[in-house]
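Listed below, chain by chain, are the residues.
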Amino acid sequence: MGVVIKQSFWGTVISYLGVIVGYVNTLYLRAEYFDLSQIGLFTLITANAMIISPVSSFGMGSSYLKYFPVFEEKDKNRFFSFLFLVTIIGNAIVLFIGYLMKDLIAARYIETAPTYIDFLSITAIIILSNSFFDLFFSYSRTIMKVVFPSFLRDIYLRVGSLLLVFGFAIGWWDFSAAVVGLGLTYFLAFVFLFLQLILYHGFRFNFSFGIITREWRLKLLKFGSYSMALAGSFALINNVSYDQITAILGPDMNGIFTTCFFIALIVEMPRRNMAKVVAPIISSEFENGNMKEVDKLYKRSSITMSVIGLLFFIGIATNLQDLFDFIPKGSAFQAGFWVVIGVCFAKLAIMVSSFAGEIINFSPSYKYNLIFQLTSAAVLVILNTFLITEWGLNGAAISYLIAILFHIFLKLVFVKIKFGLHPFMRSHIPLAFIGVIVTIGAYYFQPGLHPVTNITIRSVLTVVVFIFLIYRFNISTDINKIIHSTFERYLKINLPK
């Protein structure tokens, strides 16, 4: 257990450091040295690769995580080697189909983003690299060695992207070379992980496939198809808007959208780390049939994440104008003001909905998660087709918000009908009032100083007032306990219970 806690701790630290690097790169370096079209193209290249790589890997990473405990130690590498071979075949098929469809792909972008056509090969390299990286990441998880692959995914790739922009800024290379470097960066991430497993953890291929019977091939086909569809639909929801905006409006508008979308991502980030802790507990309680504990955890997680998400939402929404006044090309990015607000609201809704998806996932009805996700992805694609054409970037924001709210609604209703559970507590009502009051107060508080000074003063006051009200009205017992322990340990102050 100590190994798990240690790995989880460093994984969390790495993910937050990666976010910091990402913000520096996205809000300063790219904004300062790339034009809007280049920002849009740089994102589109990776976004399209992220959509396709779950398909090309055919869910083999998830298959290894699910089935590796079944095999004896001596057979695990045989099993993994078989999955590696399947991933090679999957990539070969997908890339061959892409080659046959290159004229059709080119026709999609010829009017709005003809430059992207020259970089299709880089998208192919990233597809290949990412699918193999995910497979070997799964192997690392099974031997509880996730710190290095987490570093590669969350920090190395972002630092690599940052350095490519920096090199472009000082004239070491042009934009085309930076794009080639992006493909090389992803490829090296896979190479580094592969070499680390060989040199430090004794990984070896074993292509003796006698243990992979026809029954096993059918199992892998079935579960791999499910995992591929689940991962692919998730990637589609998170990346397809970049593609559709570029195809309809052009890469410059995608440059604005991708920057504004990234600003809002921090609202949901705490959920990802909480899920690492909460998901195993939900699984265990489900296994023991202890639905009262599942219900308790469902509700407590919701109110805690609602408080955290709402604070981030208020901080971003009320400081957004000052942020645009400060960052490079801020006047251009202001066109995405409502993109930030819409995506922030969608991420806040995800926080409020707690772990409905995890509850479904650990139940016998887990396949409904796939149905809900595929449906929501289809809704997003269809809405984008019409609303981006009609309302531009705001249409994309509305489409994303509706698709996410629809996805949440499906999961909440299913969990309520199937298990009689919902995430809401009475505390959500006063929390909503607190959120409205603090948002209005922070929005109209305008110090009139330098944007950074305004953001700092407003943020500090917002945090103090918001946390005081949360504590005063006992919105979350878990957060109140943290406040109590913090004051007692570090300030030697005993707050009234």
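Anything mentioned here points back to the structure above.
Being a predicted model, the structure only gives us computed values, none of them experimental.

Q: I'd love a proper account of the overall build of the chain, names of residues and values included.
A: A count of helical and extended segments in the chain gives 19 helices and zero strands. Against the 2.2 N^0.38 benchmark of 23 Å for 497 residues, the chain shows a C-alpha radius of gyration of 23 Å, consistent with a compact globule. Counting over 497 residues, the chain shows a buried share of 51%. Considering only contacts in the chain between residues 6 or more positions apart, those separated by 24 or more positions represent 82%. As presented, the chain carries roughly 23,700 Å² of accessible surface, and 69% of it is formed by carbon and sulfur atoms. Both charge centroids of the chain, one from 37 positive and one from 25 negative side chains, sit 11 Å from each other.

Q: Lay out the environment of Thr123 with the relevant residues and their values.
A: Here Thr123 shows up in helix α6 (residues 120–142). Through-space distance from the C-alpha of Thr123 to that of Leu401 is 27 Å; in sequence the pair is 278 residues apart.

Q: Any chance you could break down the packing of helix α12 (residues 291–326) against helix α18 (residues 451–472) for me, citing the residues and the numbers?
A: Packing of α12 against α18 brings their axes to within 10 Å, and their N-to-C directions diverge by 165°. Of the possible angle classes, the one that applies to α12 and α18 is roughly antiparallel. Remark: the crossing between α12 and α18 carries right-handed chirality. Here α12 contributes Val307, Leu310, Leu311, Ile314, Thr318, Asn319, Asp322, Leu323, Asp325 and Phe326 to the contact with α18, which in turn contributes Pro451, Val452, Asn454, Ile455, Arg458, Ser459, Thr462, Val463, Phe466 and Ile470. Each residue belonging to the contact of α12 with α18 can be placed in one class, and the counts come to twelve nonpolar, five polar and three charged.

Q: Which residues make up the packing of aromatic side chains, and what values go with them?
A: Taken as a whole and judged by the stated rule, the model has 49 aromatic pairs. The ring of Tyr109 has Arg108 sitting right over it, with the charged end atom 5.7 Å from the ring centre. Positioned over the ring face of Phe473 is Arg472, at 5.8 Å from the centre of the ring.

Q: Break down the environment of Ala403 for me, citing the residues and quoting the values.
A: Here Ala403 lies in helix α16 (residues 367–419). C-alpha of Ala403 to C-alpha of Phe119: the two residues are 284 residues apart in sequence and 30 Å apart in space.

Q: Just give me the short version of unusual backbone geometry, but keep the residues and values in it.
A: A positive phi is found at Lys329, a non-glycine position, where the angle reads about 60°. The topology assignment puts Lys329 in the loop between α12 and α13 (330–333).

Q: Could you give an account of the side chain of Ser56, with specific residues and numbers?
A: Structurally, Ser56 is set in helix α2 (residues 36–56). Residue class for Ser56 comes out buried when judged on its relative accessible area of 0%. In this structure the side chain of Ser56 is engaged in a polar contact, spanning 3.0 Å, whose partner is the backbone oxygen of Ser53. If near-sequence neighbours (up to four positions away) are discounted, Ser56 is found in contact with Thr87, Gly90, Asn91, Val94, Ile127 and Ser131.

Q: Describe in detail the nonpolar core, supporting the description with residues and values.
A: As a rule of thumb, nonpolar side chains are buried together in soluble globular proteins. Phe324 and Phe466 are the most contacted members of the largest nonpolar core, which totals 142 residues. Looking at this core element by element, the count peaks at 17 residues for α16. For Phe466, the residues in contact, after removing those within four places along its chain, are Val307, Leu310, Leu311, Ile314, Leu431, Ile434 and Val438.

Q: Could you give me a rundown of α18, with the residues and numbers involved?
A: Taking 1.5 Å per residue, 22 residues should reach 32 Å; α18 reaches 31 Å between its end C-alpha atoms and fits that length. All of the buried residues in α18 are Pro451, Asn454, Arg458, Thr462, Phe466, Leu469, Ile470 and Tyr471. Taken together, the buried residues of α18 touch α12, α17 (428–444) and α19 (477–490). Asn474 sits one or two residues past α18 and shows a positive phi near 50°.

Q: I'd love a proper account of the side chain of Asn91, names of residues and values included.
A: Relative to the elements of secondary structure, Asn91 occurs in helix α4 (residues 73–100). In contact with Asn91, not counting residues within four places along its chain, are Ser56, Ile127, Leu128, Ser131 and Phe132.

Q: Provide a residue-level description of the state of the cysteines, including the pertinent values.
A: Inspection of every chain in the model, using the stated rule, returns zero disulfides. The thiol sulfur of Cys260 is not disulfide-bonded, and the nearest other cysteine sulfur, from Cys344, lies at 10 Å. Looking at Cys260, the relative accessible area reads 0%, which means it is buried.

Q: Report on the pattern of salt bridges, specifying residues and quantitative values.
A: A full pass over the atoms with the stated rule returns eight salt bridges. The shortest N-O distance in the salt bridge between Lys347 and Glu268 comes to 3.2 Å. Here Glu268 lies in the loop between α10 (251–264) and α11 (269–287) and Lys347 lies in helix α14 (residues 337–352), a separation of 79 residues in the sequence. Neither residue differs from the other here; Lys347 and Glu268 are each classed as buried. Residues Asp322 and Arg458 are paired through a salt bridge, measuring 2.9 Å at the closest nitrogen-oxygen approach. Taken as a pair, Asp322 in helix α12 and Arg458 in helix α18 lie far apart in primary sequence, 136 residues in all. Accessibility expressed as a relative area gives 0% for Arg458, which makes it buried.

So, how was this worked out
- Residues numbered from 1 in each chain as written.
- Predicted model: local features only at pLDDT ≥ 70, side-chain atom pairs only at ≥ 80, totals over all residues.
- Heavy atoms only, no water.
- Helix = DSSP H or I, 4+ residues; strand = E, 2+ residues; numbered from the N terminus.
- Rg over C-alpha atoms; globule rule 2.2 N^0.38 Å.
- Buried < 20%, exposed > 50% of the residue type's maximum accessible area, 1.4 Å probe, protein only.
- Contact = heavy atoms within 4.5 Å.
- Areas by Shrake-Rupley, 256 points an atom, 1.4 Å probe, with all protein chains shown as cover.
- Lys, Arg positive; Asp, Glu negative; His and termini not counted.
- Charge placed at Lys NZ, Arg CZ, Asp CG, Glu CD.
- Axes fitted to C-alpha atoms, helices over the stretch in contact; angles between N-to-C directions.
- Parallel < 35°, antiparallel > 145°, perpendicular 65-115°, else oblique.
- Left-handed = near helix turned anticlockwise from the far one by under 90°.
- Nonpolar A, V, L, I, M, F, W, Y, C, P; charged D, E, K, R; others polar.
- Phe/Tyr/Trp six-rings, centres within 6.5 Å; stacked < 30°, edge-to-face > 60°.
- Lys NZ or Arg CZ within 6 Å of the ring centre and 35° of its normal.
- Polar contact = N/O pair within 3.5 Å; in protein donor to acceptor, adjacent residues only side chain to side chain.
- Core = buried A, V, L, I, M, F, W, Y, C linked by side-chain atoms within 4.5 Å.
- Expected span 1.5 Å × (residues − 1).
- Disulfide = S-S within 2.5 Å.
- Salt bridge = Lys/Arg side-chain N within 4 Å of Asp/Glu carboxyl O.

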